[in-house]
Amino acid sequence: MPKRVDHAERRTEIAEALLRVAGRRGLHAVGMRDVAAEAGVSLRLVQYYFETKEKLLLYGLQRLTERFGERVAAQVGAAGDSPGPRATIEALLMASLPTDEESRTFHLVYTSYAVLSVTDQALAAQPFIRNPDAAEDALTELLRQARESDLAHPGIDARLEAVSLLALSAGLGTSVLVGQRTARSAAEVLDGHLDRIFRAGGGRPLAERTQG
């Protein structure tokens, strides 16, 4: 009896191969033949599932954002059953710092997708362009909760601080990626910013949980 193929699993395996190659060589340098070789399948099979490189890139982007969501969930889960606003914010920020191979790949490839979207209309139309807004909204709500619960300093502008944290995290992530600073020193910068937002006793500093 012929083996039944799990098409969703096969598509995911091919997308994962795309992300691995893009993490090593850059998204712009990846072709469908490269992905096929990385996945250990034929070029014809990659074309069967995705037809064009554009469709493969779009699916790879979807998988990349799914993996980031899983990473954030794991970081939040590691903070305990009821982590609170600061620990939840820290989990999101730490998930985006390139502290290991997986997060390095995410930062590099996600940035590549963002750059490509400037000139690629198909990519620009994808939901990932709105993801920063979703993250901004989530951080804003957490900061509002902290302010209302008297965990944050009174008078903070939750939206402004959310924008600042995301911009700071993205910039620090790039500086770690290119070797300008270590992940630990980046976490110390984030800690300093969070300390200006939250009252004392808001959780163990990021730098104490970061290696390098």
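Before reading further, recall that the structure is shown in the block above.
About the criteria used
Residues numbered from 1 in each chain as written. Predicted model: local features only at pLDDT ≥ 70, side-chain atom pairs only at ≥ 80, totals over all residues. Heavy atoms only, no water. Helix = DSSP H or I, 4+ residues; strand = E, 2+ residues; numbered from the N terminus. Buried < 20%, exposed > 50% of the residue type's maximum accessible area, 1.4 Å probe, protein only. Contact = heavy atoms within 4.5 Å. Areas by Shrake-Rupley, 256 points an atom, 1.4 Å probe, with all protein chains shown as cover. Expected span 1.5 Å × (residues − 1). Polar contact = N/O pair within 3.5 Å; in protein donor to acceptor, adjacent residues only side chain to side chain. Phe/Tyr/Trp six-rings, centres within 6.5 Å; stacked < 30°, edge-to-face > 60°. Lys NZ or Arg CZ within 6 Å of the ring centre and 35° of its normal. Salt bridge = Lys/Arg side-chain N within 4 Å of Asp/Glu carboxyl O. Core = buried A, V, L, I, M, F, W, Y, C linked by side-chain atoms within 4.5 Å.

Chemist: Would you explain the overall build of the protein chain in this entry?
Modeler: Each helix and strand in the protein chain was counted, giving ten helices and zero strands. The linear arrangement of helices and strands in the protein chain, starting from the amino end, is α-α-α-α-α-α-α-α-α-α. A total of 212 residues make up the protein chain; the buried ones form 39% of that total. Taking contacts inside the protein chain between residues at least 6 apart in sequence as the whole, the part at least 24 apart equals 62%. On the protein chain, roughly 11,400 Å² of surface is accessible, and the fraction owed to carbon and sulfur atoms is 52%.

Chemist: I tried to follow helix α1 (residues 7-25) on my own but got confused; where do I start?
Modeler: Note that an α-helix has 3.6 residues per turn; residues three or four places apart therefore point the same way. Counted at 1.5 Å a residue, the expected span for α1 with its 19 residues is 27 Å, and the 27 Å between its end C-alpha atoms agrees. Among all positions of α1, only I14, A15, E16, A17, L18, L19, V21, A22 and G23 are buried. Looking at the buried side of α1, the elements it contacts are α2 (32-39), α3 (43-50), α4 (53-78) and α6 (101-117). By the N-cap criterion, in which a side-chain oxygen at the helix start approaches the backbone nitrogen of a residue two or three places on, α1 is capped by D6, the distance to A8 being 3.2 Å. Just past α1, the residue G26 takes up positive phi, approximately 95 degrees.

Chemist: I would appreciate a short explanation of the packing of aromatic side chains in the present structure.
Modeler: Geometry of an aromatic ring pair is reported as the spacing of the ring centres plus the angle between the planes. Counting across every chain of the model gives four aromatic pairs. On the basis of an interplanar angle of 55 degrees and a centroid distance of 5.4 Å, the ring pair of F50 and Y59 is categorised as tilted. Taking the centre distance of 4.5 Å and the plane angle of 10 degrees together, the rings of F68 and F106 count as stacked. Pair noted here: F68 is in helix α4 and F106 is in helix α6, with a separation of 38 residues, a long-range link. Within the aromatic cluster, the residues linked to one another by ring pairs are F68, F106 and Y110. Note that R11 overlies the ring of Y59, its terminal NZ or CZ placed 4.4 Å from the centroid.

Chemist: Sorry if this is basic, but what is going on with the pattern of salt bridges here?
Modeler: A side chain of one charge can pair with a side chain of the opposite charge if their charged atoms are brought near each other. Considering all chains together, one arrives at 18 salt bridges under this definition. The partner of R71 in a salt bridge is D100, and the shortest N-O contact between them spans 3.1 Å. Here R71 is found in helix α4, whereas its partner D100 is found in the loop between α5 (84-96) and α6, with 29 residues between them in sequence. Between R159 and D137 there is a salt bridge, with its nearest N and O atoms 2.8 Å apart. Separated by 22 residues along the polypeptide, R159 in helix α9 (residues 158-177) and D137 in helix α8 (residues 131-148) bring together distant segments of the chain. Judged by its relative accessible area of 31%, R159 is partly exposed.

Chemist: How should I be thinking about the nonpolar core in this particular structure?
Modeler: In globular proteins that are soluble, nonpolar side chains generally tend to be buried together. L18, L56 and Y113 are the most contacted members of the largest nonpolar core, which has 28 residues in total. When contributions to this core are tallied by element, the ones reaching two or more residues are α1, α2, α3, α4 and α6. For L56, the residues in contact, after removing those within four places along its chain, are I14, L18, M32, V35, V46 and F50. With 21 residues, the next largest nonpolar core counts I89, L142, A146 and A158 among its residues.

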